[in-house]
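# Analysis of the macromolecular model
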Amino acid sequence: MLQSQTKVNDTPMPQATKTAILVIGGAEDKVHGKEILHTFWTHSGGSDAVIGIIPSASREPVLIGERYQRIFEEMGSKHIKVLDIRDRSQGEDPLFQEYVEECTGIFLTGGDQLRLCGLLADTPLMERIRQRVQLGEITLAGTSAGAAVMGHHMIAGGSSGEAPNRPLVDMAMGLGLIPEVIVDQHFHNRNRMSRLLSAISIYPERLGIGIDEDTCAMFERDGIIRVIGKGTVAIVDAREMSYTNLSEVSVNEPLSLHNLRLHLLSHSDCYHLHKHLPIAKNA
C-alpha cells in the first residue's frame, strides 16, 4: 500500500540540478549532521523533492519507511510516499507506477538484499525506476541491502574474517542499476575485505566497491565516484589480474590473486569510473 496521502499537483516538480546514485554502506547518521541523507535530499530537489521510499528489504517496512519519511519531512520535503511493496504483483500496481513518474528521488532502505531483489527484480516498477535513473531524471539512493543490489552481480551473503576462498561469498543477481560494480557494505566494520576479494575472483571484470558504515560512494553522471561520510570506500580493480588459482583449488583452500589494484578513498576523494583513476580531494 502507499503510505502518506500527500498529493502532488499536476504541475511538474522542479528537477534536481544534478542527479546521482548514492550507494551507502549502512548505518548512516540519521540524528546529527545527516550529511549523506541531506546530500540525497539536495540532489533530489531539496524542498521541491518528490521522494519515494522503498523499505521492502526490511522485516519491519512500516517502521523503517516512516522513520525515513520523518527525516525527509524535517528537512523540508512536502511530497513523500512509502512504497510498501510486499508482493511481486505490487510491482505492476498503477498507483505505484504513477508515483514513480512524479518522483525526483527514490530511496532503498536496508534489510535483506535477496528479499529486495525477489520483490522488485524484472517488475515494471523496477524497470521504470532503472530507466529514469539511466536518463538522469531522478536521484537514487540505497543503504546497506539497498546498496548491495546496485550491481548486475550481487553479494547475497557469506562470511568474514577469513582468507579469500570460494565458499566465503554467496553470489546472486542484483538489480543492475550500476552493472559494472560489485558492492559490499558495512565493509571495514564487519571485516569484509576477504568476502569482496572472493567475489571479485569470480567476476574480475567487475569493479569491487567496499563501503564503510556512515559512508557513501556517490556515482555522478560524469563517471566520477565521490566519497562522503565518516569512513572509507575501498575499490578493488582486477582488470589486470595476472593469475588466480580459483579453478585449481578445492573448497575452503585459500585463493591466490595476483596483480590487483586497491584504492582506499576517504571523504571528498574521488574515483573516475571510466578512466579507473583515483583523484585526491585536493587535486
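Scroll up to find the structure this text is about.
In this report, we go over the structure that sits alongside the text. (Residues numbered from 1 in each chain as written. Predicted model: local features only at pLDDT ≥ 70, side-chain atom pairs only at ≥ 80, totals over all residues. Heavy atoms only, no water.)

### Structural notes on the overall build of the chain
Convention followed: Going along the chain from the N terminus, every DSSP run of H or I of four or more residues is numbered as a helix, and every run of E of two or more is numbered as a strand. Accessible area is worked out with a 1.4 Å probe on protein chains only. A residue is then buried under 20% of its type maximum, exposed over 50%, and partly exposed in between. Where accessible areas are quoted, they stem from the Shrake-Rupley method and a 1.4 Å probe; at the residue level, only the protein chains shown are allowed to cover. All tallies of charge rest on Lys and Arg as positive and Asp and Glu as negative; His and the ends of each chain are not included. We put the charge of a Lys on NZ, of an Arg on CZ, of an Asp on CG and of a Glu on CD.
For the chain, the count of helices and strands is seven helices and 18 strands. Along the longest, intermediate and shortest principal axes, the C-alpha atoms of the chain span 60 × 45 × 30 Å. Buried positions account for 57% of the 283 residues belonging to the chain. Counting every atom, the chain has about 12100 Å² of accessible surface; 49% of that belongs to carbon and sulfur. Treating the 27 positive side-chain charges of the chain as one cloud and the 35 negative ones as another, the clouds have centres 2 Å apart.

### Remarks on the packing of helix 1 (residues 35–43) against helix 2 (residues 61–75)
Heads up, the rule is: Fitting a line to C-alpha atoms yields each axis, with helices limited to the stretch in contact; the angle taken between N-to-C directions then spans 0 to 180 degrees. Note on angle classes: values under 35 degrees are labelled roughly parallel, values over 145 roughly antiparallel, values of 65 to 115 roughly perpendicular, and the remainder oblique. Whether a crossing is left-handed or right-handed is set by the direction in which the near helix is turned from the far one by less than a right angle, anticlockwise for left-handed and clockwise for right-handed. Contact definition: two residues touch when any of their heavy atoms are within 4.5 Å. Only Asp, Glu, Lys and Arg are considered charged in this grouping, and only Ala, Val, Leu, Ile, Met, Phe, Trp, Tyr, Cys and Pro are considered nonpolar; every other residue, Gly among them, is considered polar.
Running from N to C, helix 1 and helix 2 point in directions that differ by 65 degrees, and their axes come no closer than 11 Å. The pairing of helix 1 with helix 2 is recorded here as roughly perpendicular in orientation. Handedness of the crossing formed by helix 1 with helix 2: right-handed. Mapping the contact onto sequence places Leu37, His38, Phe40 and Trp41 in helix 1 and Tyr68, Ile71, Phe72 and Met75 in helix 2. Residues belonging to the contact of helix 1 with helix 2 are distributed by class as follows: seven nonpolar, one polar and no charged.

### Things to note about the sheet that holds strand 10 (residues 207–211)
In plain terms, the rule: One bridge is not enough; two strands pair if DSSP finds at least two bridges between them.
The mixed open sheet is built from four strands, whose spatial order is 9-10-13-16. Pairing within the sheet leaves two strands with one partner each, and these edge strands are strand 9 (181–185) and strand 16 (261–265). Between one strand axis and the next, the sheet turns through 15 degrees on average, direction left out of account. Sheet topology note: the strand 10/strand 13 (residues 233–237) ladder contains five bridges and is antiparallel. When the sheet's bridge partners are listed, Ile209 is paired in strand 13 with Ile235. Along the sheet face, helix 7 (residues 193–202) touches strand 9, strand 10, strand 13 and strand 16 and points at about 160 degrees away from the line of strand 9.

### Points about the packing of aromatic side chains
For any two aromatic rings, the description comes down to two numbers: the centre-to-centre distance and the angle of the planes. The condition that has to hold: By convention, a stacked pair of Phe, Tyr or Trp rings (six-membered ring in the case of Trp) has centres within 6.5 Å and planes under 30 degrees apart, an edge-to-face pair has planes over 60 apart, and any other such pair is tilted.
Per the counting criterion, the structure on display carries four aromatic pairs. Here the aromatic rings of Phe40 and Phe107 are separated by 5.4 Å at their centres, their planes lie at 70 degrees, and the arrangement is edge-to-face. Of this pair, Phe40 sits in helix 1 while Phe107 sits in strand 5 (residues 105–108); the two residues are 67 residues apart in sequence, bridging distant segments of the chain. You'll find Phe40 and Phe107 in the same group, each marked buried. Geometrically, the ring pair formed by Phe72 and Phe107 is edge-to-face, given 5.9 Å between the ring centres and 65 degrees between the ring planes. With Phe72 in helix 2 and Phe107 in strand 5, this pair connects stretches of sequence that are 35 residues apart. Overall, the relative accessible area of 0% leaves Phe107 in the buried class.

### Comments concerning the environment of Leu120
Within the secondary structure layout, Leu120 lies in helix 4 (residues 113–120). For Leu120 and Ile80, which are 40 residues apart along the polypeptide, the C-alpha to C-alpha distance reads 20 Å. Setting aside its immediate chain neighbours within four residues, Leu120 contacts Ile54, Ile85, Arg88, Leu125, Met126 and Leu175.

### A closer look at the pattern of salt bridges
Put simply, the rule is: A side-chain nitrogen of Lys or Arg and a carboxyl oxygen of Asp or Glu constitute a salt bridge if their distance falls within 4 Å.
All told, the structure shown has 13 salt bridges when counted by the stated rule. The salt bridge involving Arg226 is made with Glu220; its shortest N-O contact spans 3.0 Å. Here Arg226 falls in the partly exposed class, since its relative accessible area comes to 30%. Under the relative-accessibility criterion, Glu220 is labelled buried at 8%. Residues joined by salt bridges that share partners form a network here, namely Lys18, Glu220 and Arg226.

### So, the nonpolar core
Let me state the cut-off plainly: Among buried residues, those of type Ala, Val, Leu, Ile, Met, Phe, Trp, Tyr and Cys that are joined through side-chain atoms within 4.5 Å constitute a nonpolar core.
Formed by 47 residues in total, the largest nonpolar core has its most connected members in Val23, Ile209 and Phe219. The element that contributes the greatest number of residues to this core is helix 5 (residues 124–134), accounting for four residues. If sequence neighbours within four positions are ignored, Ile209 has contacts with Val181, Ile182, Val183, Asp184, Leu196, Ile225, Val233, Ala234 and Ile235. Counting residues in hydrophobic clusters, the runner-up holds 21 residues, among them Leu22, Ile53, Ile80 and Val82.

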